[in-house]
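# Analysis of the macromolecular model
Each chain, letter by letter, is given below.
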Amino acid sequence: MTIPEKEKIIIDAVILWVDGTEEKHKNKILPYVENKESVHERRFRTRYDQVDEIKFTIDSIIKFAPFVRKIHIITDDQKPNFLKNKDTIEDYAKVNIIDHKVVFDNYQNYLPTFNCRSIETCMHRIPELSEHFIYFNDDFFLINPTKSTDFFRNEMPVLRGKWLKFDENIFYKKFRKIKFGHKSAQQKAARLIGLNKYYNFKHTPHPLRKSTFESYFKSNPEVFLENISYKFRNSNQFTPQGLANHIEIKNNTCTLKKDLQLMYYRSFKKPLFWYIFKFKNVPNDILFLGLQSLDKCPPKILKFLLNWLKKRTFKD
């Protein structure tokens with residue numbers, strides 16, 4: 001574990017988390033779904049089901065980003081199992097559980113929500129959140145020591161990604177069926193800011209500034225209200241971190257970095273030995289690991305990956 005350096009700025013971490021396997025959550029979601037059977041389909045479940053990987057997200061931040069002051073977990077009246085263990089309370093003194101009702105204060109009529117984009121739109125409203133914070137999905141992990149300057153330089157965010165054209169400006173995509181996914185939501189954010197292309201960021205942690213959200217939504221309250229109004233993901237929504245990124249780019253208040261320093265997996269269709277080989281010697285300059293939809297991972301591969309994360313993030 002690296003010795004924490006003296007930091008010039010305070011940095012928090014924010015994570016959205018849900019345990020979709022909990023019966024209480026399943027019952028809460030049912031009244032808002034037209035096709036009740038769809039809640040059992042894998043495509044639906046993968047947005048909410050989890051395999052306790054958030055423990056390793058948090059362990060990785062504590063070990064590899066010791067400069068982080070607080071780790072805020074936004075949940076819906078839930079708590080990760082490992083934080084219920086009284087014997088480990090001191091180990092997780094940095095962790096702060098924030099309920100949806102807190103970040104939706106004065107807007108609780110939009111609750112319950114089952115939509116990460118709606119919640120992300122409110123994450124800057126965490127009480128006493130630091131001006132500079134890093135947003136993690138619960139399937140993001142740090143896997144090597146990091147410094148504050150990997151996320152912020154001269155108090156401005158370091159944005160990892162690359163410039164891409166809007167889909168309608170790419171000839172062959174004009175004839176494809178429109179997909180309303182992550183890229184589409186990023187493009188929508190860029191259009192809101194008046195750009196004619198978009199900065200495509202991948203599954204790495206997102207350095208953000210609270211004041212960027214506050215300033216924009218104060219001037220554009222209708223945009224805020226529209227984006228939090230959907231209980232499930234909707235094609236009309238933009239991704240809030242994409243909005244913040246494009247504002248920073250337009251204002252020239254960020255550093256752009258092409259090197260993602262990322263290992264990323266989401267299909268888990270390779271044989272086990274392939275993953276053993278890939279994870280055997282991870283280069284020191286790879287800082288981030290993304291393991292998307294681990295709930296779909298075959299049991300033997302899942303066991304290997306979770307054991308690898310356990311060893312990697314173990315506190316020395």
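Given the structure is predicted, the values throughout are model-derived calculations rather than measurements.

Each value, and the rule that gives it
- Residues numbered from 1 in each chain as written.
- Predicted model: local features only at pLDDT ≥ 70, side-chain atom pairs only at ≥ 80, totals over all residues.
- Heavy atoms only, no water.
- Salt bridge = Lys/Arg side-chain N within 4 Å of Asp/Glu carboxyl O.
- Helix = DSSP H or I, 4+ residues; strand = E, 2+ residues; numbered from the N terminus.
- Axes fitted to C-alpha atoms, helices over the stretch in contact; angles between N-to-C directions.
- Parallel < 35°, antiparallel > 145°, perpendicular 65-115°, else oblique.
- Left-handed = near helix turned anticlockwise from the far one by under 90°.
- Contact = heavy atoms within 4.5 Å.
- Nonpolar A, V, L, I, M, F, W, Y, C, P; charged D, E, K, R; others polar.
- Core = buried A, V, L, I, M, F, W, Y, C linked by side-chain atoms within 4.5 Å.
- Buried < 20%, exposed > 50% of the residue type's maximum accessible area, 1.4 Å probe, protein only.
- Polar contact = N/O pair within 3.5 Å; in protein donor to acceptor, adjacent residues only side chain to side chain.

### A word on the pattern of salt bridges
All told, the structure shown has 9 salt bridges when counted by the stated rule. Here Lys 26 makes a salt bridge to Glu 23, at a shortest N to O gap of 3.6 Å. In this pair, Lys 26 and Glu 23 are both assigned in helix α1 (residues 23-29), 3 residues apart and thus about one turn of the helix distant. Salt bridges sharing common partners tie together Lys 55, Asp 59 and Lys 315.

### Let's talk about the packing of helix α6 (residues 182-192) against helix α9 (residues 240-250)
Remark: α6 packs on α9, axes separated minimally by 8 Å, with the N-to-C direction vectors making an angle of 40°. Between α6 and α9, the angle is such that the two are oblique. Between α6 and α9 lies a crossing of right-handed hand. Note on element contacts: α9 touches α6 through Gly 242, Leu 243 and His 246, opposite Gln 186, Ala 189, Ala 190 and Leu 192. Grouping the constituent residues of the contact of α6 with α9 by class yields 4 nonpolar, 3 polar and no charged.

### Notes on the nonpolar core
Counting residues in hydrophobic clusters, the biggest one holds 28 residues, and the most contacted among them are Ile 58, Ile 61, Ile 71, Phe 136 and Leu 142. Those elements that provide at least two residues to this core are β1 (11-16), α3 (54-64), β2 (68-75), β4 (132-136) and β5 (140-142). No other element matches α3, which puts 5 residues into this core. Each residue touching Phe 136, except ones within four places of it in the same chain, is listed here: Ala 13, Val 14, Ile 15, Leu 16, Thr 57, Ile 61, Leu 142 and Pro 205. By size, the runner-up hydrophobic cluster in this structure holds 27 residues, among which are Phe 104, Leu 208, Phe 224 and Leu 243.

### With respect to the side chain of Asn 200
Tracing the chain through its elements places Asn 200 in strand β8 (residues 198-201). Here Lys 202 takes part through its side chain, which lies 3.1 Å from a polar atom of the side chain of Asn 200. If near-sequence neighbours (up to four positions away) are discounted, Asn 200 is found in contact with Arg 160, Gly 161, Lys 162, Leu 164, Lys 183 and Gln 186.

Without other data, these values stay purely geometric and don't point to any function.
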